[in-house]
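Chain and residue survey
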Amino acid sequence: MRPKFYPSLVNDRFGDPVVFVDFLLERRAILFDLGDIHALPARSVLRVSDVFVSHTHIDHFAGFDRLLRLSVGRDRLIRLYGPPRFIANVEAKLAAYTWNLAETFVDDLVFEVVELEDAENCRAARFRLTRRFAREDLGSRKLRDGVLLDEPSLSVRAAMLEHRTPCLAFALQEPEHINVWKNRLDERGFVTGPWLAELKAAIFERKPDDTPMRVGLASGGERALPLGELRRDLVTITAGQKIAYVADAAFSPPNRRAIVDLARDADTLFIEAAFAAQDAEIAAGRAHLTTAQAGELARLANAVRVIPFHFSPRYAGEEACMLREVEDAFAGKPELA
Ligand SMILES: [Zn+2]
């Protein structure tokens, strides 16, 4: 099966943090972080439906202006997600410009902004161009397991990390694919019908194997069979794609636990590695990760592939060495003395 998500770093590893995730066969993309996005073509920016901002240090959020500039005059809804006080950050960005001609626009540009209040609660607000981006509060809701965005074909979960300021890490997850084999239905004398949707839902919800499920029969009518038997005989289940994004974070025990949990079994883990392994003390002072720490977290999370980024400019010209330190830790090789 072809992957649905195509993630890539927008800038080089020393540039502002931004990951662009393009969607297969959809005019849609999402962004993790919103640093400088000038390297992204306008047509790509205009596909972005959702933007997940880890925190609002300027190198992670300065790209908002370009997103805004390209989107004004278009009929668009863009959803933004961020840490505590994020709604006020977006409001302040929008308030920096004069919108006295807003009523003359026919197309409306709408931002829906969600901020985490803490690990379990979020609140939302809306800003519409035709209302001169006056803030409209949309209330609060409880978060279930950190899930910010929940659609049938994808979900995005956040974990709150500590970076001397609350900082969010994200995981984009495609649900598992449940494939029903038509030939196996025929062999058992079953017909397709609404019962298959019920079967898939029960598998998704991981109901117990002895759960009775109704089955449509080719001979007419239906009968009940246990879920476990139907799952074994009729379907194959393939894991969905998972992409995790971590920037920025101190290497503290709570952060380590949260990162490993969030990024577990990710196909691709983007993770900041601001400092070289030997500069762990400086990294700790700035609440950042080193190369070796990033590689170790990727290994502990059992990620398939790790993409380090956000290298400090002090290592200009040493990219290959930085990458090797990440890869060595990822492979479990002991650190060189
Ligand atoms: Zn940063």
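Now for a quick tour of the structure. (Residues numbered from 1 in each chain as written. Predicted model: local features only at pLDDT ≥ 70, side-chain atom pairs only at ≥ 80, totals over all residues. Heavy atoms only, no water.)

**Points about the coordination of the zinc ion**
Around the zinc ion, the donor atoms from the protein are His60 (NE2), Asp248 (OD) and His310 (NE2), and they sit 2.0 to 2.3 Å away. Read N to C, the donor residues that coordinate the zinc ion are spaced as H-x187-D-x61-H. You can see His60 sitting in helix H2 (residues 58–61) and its partner Asp248 sitting in the loop between strand S16 (242–246) and helix H8 (253–263), a full 188 residues away along the chain. (Donors = N, O, S within 2.8 Å, 3.2 Å for Na, K, Ca; no water. Helix = DSSP H or I, 4+ residues; strand = E, 2+ residues; numbered from the N terminus.)

**A few points about the sheet that holds strand S8 (residues 135–142)**
Pairing is mixed across the open sheet formed by eight strands, whose spatial order is S1-S2-S3-S4-S5-S6-S7-S8. Of all strands in the sheet, those with a lone pairing partner are strand S1 (5–9) and S8, marking the two edges. Averaged over all pairs of adjacent strands, the angle between their axes in this sheet comes to 20°, without regard to strand direction. Here strand S4 (residues 48–52) runs beside strand S5 (residues 76–82); their pairing, made up of three bridges, is parallel. Residue pairing in the sheet places Val51 in a bridge with Leu80 of S5. (Pairing = 2+ DSSP bridges. Axes fitted to C-alpha atoms, helices over the stretch in contact; angles between N-to-C directions.)

**A closer look at the layout of surface pockets**
Taken as a whole, the largest pocket holds about 630 Å³ of empty space. Around the largest pocket, the lining comprises 18 residues; the ones closest to its centre are Ser155, Gln173, Glu174, Pro175 and Arg206. Looking at the lining of the largest pocket, the elements that each hand over two or more residues are strand S9 (147–151), strand S10 (154–162) and strand S11 (166–173). It is S10 that contributes the most residues to the lining of the largest pocket, four residues altogether. Tallied by class, the residues present in the lining of the largest pocket amount to seven nonpolar, two polar and nine charged. (1 Å grid on protein atoms, 1.4 Å probe; cavity = no way out; pocket = protein on both sides within 12 Å on 5 of 7 lines; lining within 4 Å. Points joined across faces, edges and corners; volume = space filled by probe spheres on them. Nonpolar A, V, L, I, M, F, W, Y, C, P; charged D, E, K, R; others polar.)

**What to know about the packing of helix H6 (residues 194–204) against helix H7 (residues 227–234)**
If you want to describe how two helices pack, look at the angle between their axes and the distance between the axes. Between H6 and H7, whose axes approach to 11 Å, the crossing angle comes to 100°. One finds that H6 runs roughly perpendicular with respect to H7. Across the interface between the two elements, Trp195, Leu199, Ala202 and Ile203 of H6 pack against Leu227, Leu230, Arg231 and Leu234 of H7. Looking at side-chain class alone, the contact of H6 with H7 contains seven nonpolar, no polar and one charged residues. (Parallel < 35°, antiparallel > 145°, perpendicular 65-115°, else oblique. Contact = heavy atoms within 4.5 Å.)

**Some words on the side chain of Asp279**
Mapped onto the elements, Asp279 comes out in the loop between strand S17 (268–272) and helix H9 (280–285). No salt bridge is formed by the buried Asp279; the nearest opposite charge belongs to Arg314, separated by 4.6 Å. Each residue touching Asp279, except ones within four places of it in the same chain, is listed here: Thr290 and Tyr315. (Buried < 20%, exposed > 50% of the residue type's maximum accessible area, 1.4 Å probe, protein only. Lys, Arg positive; Asp, Glu negative; His and termini not counted. Salt bridge = Lys/Arg side-chain N within 4 Å of Asp/Glu carboxyl O.)

**Things to note about the packing of aromatic side chains**
Each aromatic ring pair is described using two quantities: the centre-to-centre distance and the angle formed by the ring planes. Under the counting rule described, the total for this entry stands at 16 aromatic pairs. A ring pair is formed by Phe32 and Phe52, whose centres lie 5.7 Å apart and whose planes are at 45°; its orientation type is tilted. Residue Phe32 is found in strand S3 (residues 29–32), and its partner Phe52 is found in strand S4; the two are separated by 20 residues along the sequence. Of the two residues examined, Phe32 and Phe52, each falls in the buried class. Aromatic side chains Phe111 and Phe133 sit 5.9 Å apart centroid to centroid with 45° between the ring planes, which places their arrangement in the tilted category. Highlighted residues: Phe111 in strand S6 (residues 109–118) and Phe133 in the loop between strand S7 (121–128) and S8, separated in sequence by 22 residues. The positively charged end of Lys93 is found above the aromatic ring belonging to Phe61, 5.6 Å away from the centroid. The ring of Phe251 carries Arg256 above its face, with NZ or CZ at 4.4 Å from the centroid. (Phe/Tyr/Trp six-rings, centres within 6.5 Å; stacked < 30°, edge-to-face > 60°. Lys NZ or Arg CZ within 6 Å of the ring centre and 35° of its normal.)

**A few points about the sheet that holds S10**
Pairing in this open sheet of six strands is mixed, and the strands run S9-S10-S11-S16-S17-S18 from one edge to the other. Strands at the two margins of the open sheet, each flanked by one partner only, are S9 and strand S18 (305–309). When the angles between neighbouring strand axes are averaged without regard to direction, this sheet yields 15°. Relative to S18, S17 runs parallel, the two sharing five bridges. Looking at the pairing, Ile271 lines up with Pro308 of S18.

**Digging into the pairing of S7**
Two elements, S6 and S7, share eight bridges in a ladder whose sense is antiparallel. Paired with Asp118 across the two strands is Asn121, which belongs to S7. Between the antiparallel neighbours S6 and S7 lie two residues. In terms of strand pairing, S7 meets S8 through seven bridges, oriented antiparallel. Counted as the bridge partner of Cys122 is Arg141 from S8. Turn length for the S7-S8 hairpin, with the two strands adjacent in sequence and antiparallel, is six residues, and the turn residue Arg132 shows positive phi of about 55°.

**Digging into the pairing of S4**
Among the five residues that make up S4, five are buried, leaving the element largely enclosed by the rest of the structure. Where S3 lies against S4, four bridges are found, and the strand directions are parallel. Directly across from Ile30, in S4, lies its bridge partner Asp50.

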